[in-house]
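Analysis of the macromolecular model
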Amino acid sequence: MKLVKRAANILAVSSLLVLAACGGGNSAAPAGEAGGQQGTETQQPGSQAAGNTMFLGMTNPPILFNPINSTDVASQFVEKFFFDSFLEMVAPLEFAPKLADAFETTDNQTFTIRINPNANWTDGTPVTAHDAAFTLNLIANPKVETTVGSYIAMFDGLGENGKLKEGETEIPSVKVIDDKTLEFRTKAPVDPNMLKEQLGVKLMILPKHILENVDPAALSQDPFMQNPNVSNGPFKFVKYEKDQYVELAANPDYYRGKPALEKLFIKVLPGPNMVAQLQTGELHMNVAGGIGKIAPQDFDTVKSFENVVTKDEPNFSFQTLMFNMDVISDPRVRKAMAYAIDRDQIVDKLLKGYGEVIDGPYTSVNPYLDTTLEKYTHDPEKAKQLLQEAGWDFNREIVLNVPTGNKVREQSADVITQSWQAVGLKVKVQKFDFPTVLSKAKAGDYEVTLMGLTLTLDPDVSTLYTTNGSFNFMQYSSPRVDELMLKGKAEPNMDVRKGIYAELQKIWNEDLPLISLYSDNDFAAISKQVAHGEPKVFGFHHELEKWSVAGAH
């Protein structure tokens, strides 16, 4: 198999990871890459990128602006322009202050967060430790629907799912020391980098004075989550034209300085349209990542544009094929489907070699990857044998759900279909936009589905593989996995953690609730008009107030 040569990049990242012990908390989120609506580009703002306005392009439409319950990467990406996290990760396990001037501990069990003294909400109300405690208590409230419960599951006084007991509303281990200082305590010592990534980088807090009277059970349905008009980041939310664009305006009173840009538009459009608008100057950059990549077949074309500079980086996102285990319940059938797929063909032909086949949730740059795992190599005869052993009904039709917009993923569905048909399986492909696929996955309304995932550096993927994980769309449940996940999350020693996650990888490889298909490089294009700002694997949202384009001041 042809693999892109990125040894220097991988070595550099891996070395940093090893030197820094272990990573920050790992949360899985669907990366999707579903395209915007065809033919909507004429309704998009701006005909030529210029002046004090910047235009970004992505292929996924955001769904909901609720920082504690956003199920898609597009929403999470957009939120970080107007809601600040406590910290930003600017390099592997290198954290920079943001909303928090300090995030510290002396014993790896009691942690103190000191909020910037000048940080205010956009209505002039100070951002306080009371807002932070309010948000943490909402996450822990049994009535509140949230995707970030795993971030606080290690807090003293909470259950394994990060929730309080029924009837309780406040986490006993969270204390407001003063208006700008918050303290919390974990059940046992933990790796501080895990908390810095999960709570520091991933979590964004909500304004208590706006939402404290909202029924917790109805929080996600509150109008604020569609129109977050009070925020604390460098930009203000103006409006979202569904499936077309998000409009943002500068927050002139931002505590880290008035932004150089006056306006910022994040446009939602299909991949080919994004490439065309990079060429015409209607876009300043694609957002890269799982929600705005340039397709490999277009990258050589984009590299030839005289008005942009390009780059590609190793990526932690990957594409999967998820099984509804209530429907495809026999592991022999799932294994047969894995052996039948020619994943090398996807990487070699569809990705042009810019990527890798992976087995499990970790790519080759992750130090927790168990390289001794049995590989599900392309083996049609073994696939046929397993199907026969399982007593598979070859007259039965398998329904494969495919999100539209990501051309490589759509084409990979063709490879998968052909591979399965070659071993006697009947396949029906259903294509939907990404929000529909995600909605069906959450409801368990599917048999097999393609889904992109974005993970952080820490090996904890409890949101994906634990019984009550918020992204466990497979209906997967293993008491041993649940037990090891808790053990791994609570273990501060990297070497011990490696052993725990090696055992987990073997279990996942045997149970196979999903097939990891491939991880592709992150391609980005940046207009030469951009004076500050660029797509990054780490630190994309760092110093947004300094982002500028030629002529902006």
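Residues numbered from 1 in each chain as written. Predicted model: local features only at pLDDT ≥ 70, side-chain atom pairs only at ≥ 80, totals over all residues. Heavy atoms only, no water.

1. As for unusual backbone geometry
As a reminder, the rule being used: Secondary structure elements follow DSSP: runs of H or I no shorter than four residues count as helices, runs of E no shorter than two count as strands, and numbering proceeds from the N terminus. Only protein chains enter the accessibility calculation, which uses a 1.4 Å probe; a residue is then buried when its area is under 20% of its type maximum, exposed when over 50%, and partly exposed in between.
At Asn-108, a position not held by glycine, the phi torsion is positive, near 65 degrees. Its location among the elements puts Asn-108 in the loop between β5 (100–105) and β6 (110–115). In this structure, Asp-243 is a non-glycine residue whose phi angle is positive, near 65 degrees. Position of Asp-243 relative to the elements: it lies in the loop between β9 (235–241) and β10 (245–250). Classification of Asp-243 as buried rests on a relative accessible area of 13%.

2. Notes on the packing of aromatic side chains
Selection rule: Ring geometry is summarised as follows: Phe, Tyr and Trp rings, the Trp one being its six-membered ring, pair when their centres sit within 6.5 Å, and such pairs are stacked at plane angles under 30 degrees, edge-to-face over 60 and tilted between the two. To sit over a ring, a charge needs its Lys NZ or Arg CZ within 6 Å of the ring centre and within 35 degrees of the ring normal.
As enumerated under the stated definition, the model contains 25 aromatic pairs in all. An angle of 65 degrees between the planes, with centres 5.6 Å apart, marks the rings of Phe-82 and Phe-237 as edge-to-face. Taken together, the residues span a long stretch of sequence, with Phe-82 in the loop between α2 (73–79) and β3 (87–91) and Phe-237 in strand β9 at a distance of 155 residues. Using a relative accessible area of 0% as the deciding quantity, one classes Phe-82 as buried. Judged by its relative accessible area of 9%, Phe-237 is buried. Between the aromatic rings of Phe-103 and Phe-184, the centroid separation amounts to 6.3 Å while the plane-to-plane angle is 70 degrees, which identifies the pairing as edge-to-face. Of this pair, Phe-103 sits in strand β5 while Phe-184 sits in strand β8 (residues 181–185); the two residues are 81 residues apart in sequence, bridging distant segments of the chain. The pair Phe-103 / Phe-184 is uniform in exposure class, with both members buried. Here the aromatic residues Phe-65, Phe-82, Phe-83, Phe-224, Phe-237 and Tyr-240 are joined through ring pairs into a cluster of three or more. Over the face of the ring belonging to Phe-432 we find Lys-440, whose NZ or CZ atom lies 5.2 Å from the ring centre.

3. Brief notes about the pattern of salt bridges
Where we set the bar: We count a salt bridge whenever a side-chain nitrogen from Lys or Arg sits within 4 Å of a carboxyl oxygen from Asp or Glu.
One pass over the structure, following the stated rule, counts 24 salt bridges. Linking Glu-410 and Lys-407 is a salt bridge whose minimum nitrogen-to-oxygen distance equals 3.7 Å. One end of the pair is Glu-410 and the other is Lys-407, both in helix α11 (residues 407–422) and 3 residues apart, which spans about a single turn. The buried category is assigned to Glu-410, whose relative accessible area is 9%. Given the relative accessible area of 34%, Lys-407 is considered partly exposed. One salt bridge connects Lys-546 with Glu-543, and the closest N-O pair in it is separated by 3.2 Å. What makes Lys-546 partly exposed here is its relative accessible area of 41%. By relative accessible area, which is 26% here, Glu-543 ends up partly exposed. A cluster of three or more residues bridged by salt bridges with shared partners is formed by Lys-80, Glu-88 and Lys-98.

4. Regarding the packing of helix α9 (residues 343–350) against α11
Cut-off, in case you're wondering: Each axis is a line fitted through C-alpha atoms, and for a helix only the stretch in contact is used; angles between axes span 0 to 180 degrees, taken between their N-to-C directions. Angle categories: roughly parallel below 35 degrees, roughly antiparallel above 145, roughly perpendicular from 65 to 115, and oblique for all the rest. By convention the crossing between two helices is left-handed if the near helix lies anticlockwise of the far one by an angle smaller than a right angle, and right-handed if it lies clockwise. Whether two residues are in contact is decided by their heavy atoms, any of which lying within 4.5 Å being enough. Lys, Arg, Asp and Glu make up the charged group, whereas Ala, Val, Leu, Ile, Met, Phe, Trp, Tyr, Cys and Pro make up the nonpolar group; the residues left over, Gly among them, are polar.
Where α9 meets α11, the closest approach of the two axes is 10 Å, and the angle between their N-to-C directions is 140 degrees. The angle between α9 and α11 falls in the class oblique. Where α9 crosses over α11, the two elements pack in a sense that is right-handed. Contacts between α9 and α11 involve Gln-345, Ile-346 and Leu-350 from the former and Val-408, Gln-411, Ser-412 and Val-415 from the latter. Here the residues of the contact of α9 with α11 are counted per class, giving 4 nonpolar, 3 polar and no charged.

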